[in-house]
Amino acid sequence: MARRSALSIRIVEGRNLPAKDIMGSSDPYCIVKIDDEAIIRTATVWKTLSPFWGEEYEVQLQPGFHSISIYVMDEDALSRDDIIGKVCITRDMLAEHPKGYSGWMSLSEVDPDEEVQGEIHLRVEVLGSQGSRRLRCSVLEARDLARKDRNGASDPFVRLRYNGKTQESTVVKKSCYPRWNETFEFELAEPAEEKLCVEVWDWDLVGRNDFLGKVVFSVQGLEAAGQEEGWFRLWPDKSKPTEDERRGSLGSLQLQVKLRDETVLPSHCYQPLVQLLCQEVKLGRQDGQVHLVTLLDETTTAECRQEVAINLVKLFLGQGLVKEYLDLLFELELAKPCEPNTLFRSNSLASKSMESFLKVTGMPYLHFVLGPTITRVFEEKKYVELDPGKVEIKDVGCSGLHRVQTEGEVIEQGRQHLQSYLGELLDAIVRSAPACPPLIRAAFRQLFQRVGERFPQHQHAKFVAVTSFLCLRFFSPAVMTPKLFQLRAAHADARTSRTLLLLAKAIQLVGNMEPAAGRAKETWLSPLLPVLQQGTARMRDFITRLVGTEEGEGEGRPLGPPPAVVKEGLLLVHKTRGKGPLLAAAAGKKLHFCLTGESLSFGKSPGAEVRACWGGRGGGSGVALTPSVCACPFHQRIGAIALGDILAAEKVEEKSFGSSHVMQVVYMATGGQQETAYLQCKCVNELNQWLSALRKACGNNPRVLRSYHPGVFRGDKWSCCHQRDRTGLGCDRTRHGVTLQDWSDPLDPTVEAQRLFQHLQGLRGTLRDKYWELLEPEEAQNGRRGEDAALPEGLSRLLAVLGDLERCHRRAQPPAPAPALLQLQT
């Protein structure tokens, strides 16, 4: 059994942001921090006060997280980026919206005294007897304090206040992980109504000290307990009056945020639910009966349908039944009254499931087909415009030394550019049939056949049914917004965005298989009509080849392991005093790292680390150098770290190497000693992507560390906590459970089953009512609709399985925690 928290975040857009640049605009981007740790950075949208991002993320978190903060920043090339404002959402706020929060939130000004983070380790106790009692507070250590000084650290000390008296600890220089181990005592006031306030401050030689946070204890509660010890979260000073004059004047963000607190039971608990769903899919559609999938489709709201579709697709992928599931959806959808020219254009469960299926299984194929053309569009930055009402001559410049291009010349030049891009893209599509994953081809073959049988007089419809998914819901959205499909690291600028929009529109017209209809709506597309008609004919031939060849065995088997390469890229290896093979061989160099299901390997060039022979790699031997199988240096990797030997993958303090984008991989070397590799990434997103990939790959390693040092060992001590024992316990907790979801993540059927259970549990009453509503009128009149009315076997079993799972969850609930002595002062 595992308890986990999953946070879904969609940053939609901003509006009315203040101008930060001298030209009266801004270059905004967002930083998402969870409990003050930067997890996500959106792309920068240039020169706008109303940016659109549309970026979605799902983050797996430790169950005890407290808040999420979204900072809107203005990017500056020559100076430090400006803070525009922030939005803070607490865990309690998300708990009030179990279906998720969606809406606009005003940005607030960033107050340095509210930018606190970290925890402090205290032991508080009441000593003595009546008449001579004392309050003793032992200040032991703190971790992950806010960085307030230019050197990337702080000089923290503790100030204790009780009953009008104040005491202070010593100052620990240049540390966000200080250790004090000091004890303070106060005479206990009678009655014990006063509160003990423990504040942490950053000492400054010049200017006022910076506030780092505080905790407040109720001494009355402490008297009953006698002693309290533990790690306590530092809180901002809410006793200060707040100024809301600027709230709203800094603009606002449109957000969609949903928190799932999940208790995932052992996999065997979900077997009855999984088996029931699989049996219903295998049973197929029965005339005159209401299928369980139909009930699920009819009772799921539009807001939840996408999420439910993804869960079902992943579940049946894991069971090897996704082809049968999609075929059932096609059959049920086509059994409804429908027109051949509007097939699958709604957001039904069938449409959403097929769309999700393409994204889950087809992203490598998408990148293979679209990647070269998208890269070319971004690199060339050609001006492309066909609409006379939007042509801007100034954006094009002169065609010669003395003559400015006319509007007609600009449009003709744009047509040529767009025709070139479209031709290249269509060439890639029509050649891609052999590269299309067999499972996708099988799904399209079923769809093609089902629609052909449903509309024998409209054979054109079966081609449109395939292209409505492949072109309209897969290729075209990726062309329009490549950042959201991981085709690019950043959003396009205004000129490139317009080119991509026109290219996506052209792909839509080709996918509609009726280019003339698009020309009728937008007459300025007429110059492109010959190319679109030719593209339609080529697309028809491509679909025929795509669905015409029966694939070999294995289409219905469970989806195999993920691709061999999980993540790869260039990373800078920082030099330290370690003597491990990785450190000795590559310190101060950039190497190409490759993470697979077996190891983290590294070489001097892309491909070198994976071309090396795997046969010489000893099981669990730590860093294994490539054996001399090939004499060519290009085919030799420098070394590899077996996944079983990786103990932790964590961030490194900025002050250690002067960069906030450095991670550390702690591993067990060949000789049995623990070593650490410090690897620098390009940006915060790449850093978190590498950390997520490493943590997922090593998630089942029983030797993972529970604590680590976020600094480096220099001289005779750790830079983070100043501890002198190099092999001692770390001063901060590891974060193995904090990961970003990615389309390449391996399937987890147990999690998908839990999420389906949560959804179905909320529909128990609705499923019964919808069943009676969907029955034929005469059968509904003859039947009984009470609680004891006979239900079909599938629905009856489903309700029974949901009841059993609900009882399992009740038994798994942890006991209620004891009342906390910690109180936030207001």
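Bear in mind that the values here come from a model prediction, so they are computed numbers and not experimental data.

### Quick notes on the overall build of the protein
In step 1: Looking only at helices and strands, the protein has 21 helices and 29 strands in total.
In step 2: In the protein, buried positions account for 52% of the 826 residues.
In step 3: Considering only contacts in the protein between residues 6 or more positions apart, those separated by 24 or more positions represent 70%.
In step 4: Entry remark: accessible area of the protein is about 38,300 Å², with carbon and sulfur atoms responsible for 50%.

### Focus on unusual backbone geometry
In step 1: Positive phi outside glycine occurs at Asn-16, with the angle close to 55°.
In step 2: Among the secondary structure elements, Asn-16 is positioned in the loop between strand S1 (2–15) and strand S2 (28–34).
In step 3: For Asn-16, a relative accessible area of 56% gives the class exposed.
In step 4: In this model, Lys-47 sits at a positive phi of 50°, which is unusual for a non-glycine residue.

### Some thoughts on the confidence of the model for the protein
In step 1: In the predicted model, the protein carries a mean pLDDT of 83, and 86% of its residues have values of at least 70.
In step 2: Strand S10 (residues 156–162) holds the highest mean pLDDT among the elements of the protein, 95, whereas helix H15 (residues 608–611) holds the lowest, 46.
In step 3: Scored below 50 in pLDDT, residues 609–636 shows 58 contacts in the model against residues more than four places distant or in partner chains.

### Focus: the packing of aromatic side chains
In step 1: This model, assessed by the stated rule, comprises 13 aromatic pairs.
In step 2: Plain terms: the ring middles of Trp-201 and Phe-211 are 5.3 Å apart, the flat faces sit at 70° to each other, and that makes the pair edge-to-face. Of this pair, Trp-201 sits in strand S13 (residues 195–202) while Phe-211 sits in strand S14 (residues 210–218), and the two are 10 residues apart along the sequence.
In step 3: Owing to a relative accessible area of 15%, Trp-201 belongs among the buried residues under this scheme.
In step 4: Residue classification places Phe-211 among the buried residues on the basis of a relative accessible area of 3%.
In step 5: Ring-pair connections join several aromatic residues into one group, and the members of that group are Phe-330, Phe-344 and Phe-469.

### Description of the sheet that holds S2
In step 1: The strand order across the open sheet formed by 4 strands is S3-S2-S5-S6, and the pairing between neighbours is antiparallel. Each having just a single partner strand, strand S3 (37–41) and strand S6 (82–90) make up the two edges of the open sheet. This sheet shows a mean twist of 25° between the axes of neighbouring strands, independent of strand direction.
In step 2: For S2 and S3, the ladder comprises 4 bridges, and the chain directions are antiparallel.

### Topic: the pairing of strand S22 (residues 662–668)
In step 1: In terms of residue burial, S22 counts as a mostly covered element, since 7 of its 7 residues are buried.
In step 2: The alternating pattern of S22 places Val-662, Gln-664, Val-666 and Met-668 on one face and Met-663, Val-665 and Tyr-667 on the opposite face, and all of these are buried.
In step 3: Pairing of strand S21 (residues 646–651) with S22 involves 5 bridges; the strand directions are antiparallel. From the neighbouring strand, Ala-649 faces S22, where its bridge partner is Val-665.
In step 4: Two strands pair when backbone bridges link them, and S22 and strand S23 (residues 674–680) are joined in this way by 7 bridges, in the antiparallel orientation. Bridge assignment links Val-666 to a residue of S23, and that residue is Thr-676.
In step 5: Connecting S22 to the next strand, S23, in antiparallel fashion are 5 residues, including Gly-672 with a positive phi near 90°.

### Description of helix H5 (residues 302–319)
Since the α-helix packs 3.6 residues into each turn, any two residues three or four apart lie on the same face.
In step 1: Taking 1.5 Å of rise per residue, the 18 residues of H5 would be expected to cover 26 Å, and the 26 Å separating its terminal C-alpha atoms lies within 8% of that figure.
In step 2: All of the buried residues in H5 are Arg-305, Val-308, Ala-309, Asn-311, Leu-312, Val-313, Lys-314, Leu-315, Phe-316 and Leu-317.
In step 3: Buried residues belonging to H5 abut helix H3 (271–283), helix H4 (292–299), helix H6 (322–334), helix H7 (349–380), helix H9 (438–454) and helix H18 (749–761).
In step 4: The positive-phi residue at the C-terminal boundary of H5 is Gly-320, with phi of around 75°.

### A few points about the nonpolar core
Within soluble globular proteins, side chains that are nonpolar tend to cluster in buried spots.
In step 1: Ranked by internal contacts, the top residues of the largest apolar core, which has 121 residues, are Phe-357, Leu-370, Phe-444, Phe-475 and Phe-542.
In step 2: It is H7 that contributes the most residues to this core, 13 residues altogether.
In step 3: For Phe-357, the contacting residues outside a window of four places in its chain are Val-313, Val-322, Leu-326, Gly-362, Leu-439, Ile-440 and Ala-443.
In step 4: By size, the runner-up hydrophobic cluster in this structure holds 42 residues, among which are Phe-184, Val-198, Val-215 and Val-219.

### Regarding the sheet that holds S21
In step 1: The sheet built from 7 strands is open, its strands ordered S20-S19-S18-S17-S23-S22-S21 with antiparallel pairing. Across the chains shown, the open sheet's two edge strands, defined by having one partner strand only, are strand S20 (639–642) and S21. When the angles between neighbouring strand axes are averaged without regard to direction, this sheet yields 30°.

### Here's the deal with helix H17 (residues 684–697)
In step 1: Relative to the 20 Å expected for 14 residues at 1.5 Å per residue, H17 spans 20 Å between its end C-alpha atoms, a close match to the ideal helical length.
In step 2: Of all 14 residues in H17, 11 are buried, a share of seventy percent or more.
In step 3: Inspection of H17 places Val-684, Asn-685, Glu-686, Leu-687, Asn-688, Trp-690, Leu-691, Ser-692, Ala-693, Leu-694 and Arg-695 among the buried residues, and these make up the whole buried set.

### Observations concerning the side chain of Thr-750
In step 1: Along the chain, Thr-750 turns up in helix H18.
In step 2: Judged by relative accessible area, which is 18%, Thr-750 ranks as buried.
In step 3: Those residues in contact with Thr-750, other than ones at most four positions away along the chain, are Val-264, Leu-265, Ser-267 and Tyr-270.

### What about the pairing of S14?
In step 1: With 9 of 9 residues buried, S14 lies mostly within the body of the structure.
In step 2: Bridge count between S13 and S14: 8 bridges; the pairing is antiparallel. Paired with Leu-196 across the two strands is Phe-217, which belongs to S14.

Conventions and cut-offs
- Residues numbered from 1 in each chain as written.
- Predicted model: local features only at pLDDT ≥ 70, side-chain atom pairs only at ≥ 80, totals over all residues.
- Heavy atoms only, no water.
- Helix = DSSP H or I, 4+ residues; strand = E, 2+ residues; numbered from the N terminus.
- Buried < 20%, exposed > 50% of the residue type's maximum accessible area, 1.4 Å probe, protein only.
- Contact = heavy atoms within 4.5 Å.
- Areas by Shrake-Rupley, 256 points an atom, 1.4 Å probe, with all protein chains shown as cover.
- pLDDT = per-residue confidence, 0-100.
- Phe/Tyr/Trp six-rings, centres within 6.5 Å; stacked < 30°, edge-to-face > 60°.
- Pairing = 2+ DSSP bridges.
- Axes fitted to C-alpha atoms, helices over the stretch in contact; angles between N-to-C directions.
- Expected span 1.5 Å × (residues − 1).
- Core = buried A, V, L, I, M, F, W, Y, C linked by side-chain atoms within 4.5 Å.

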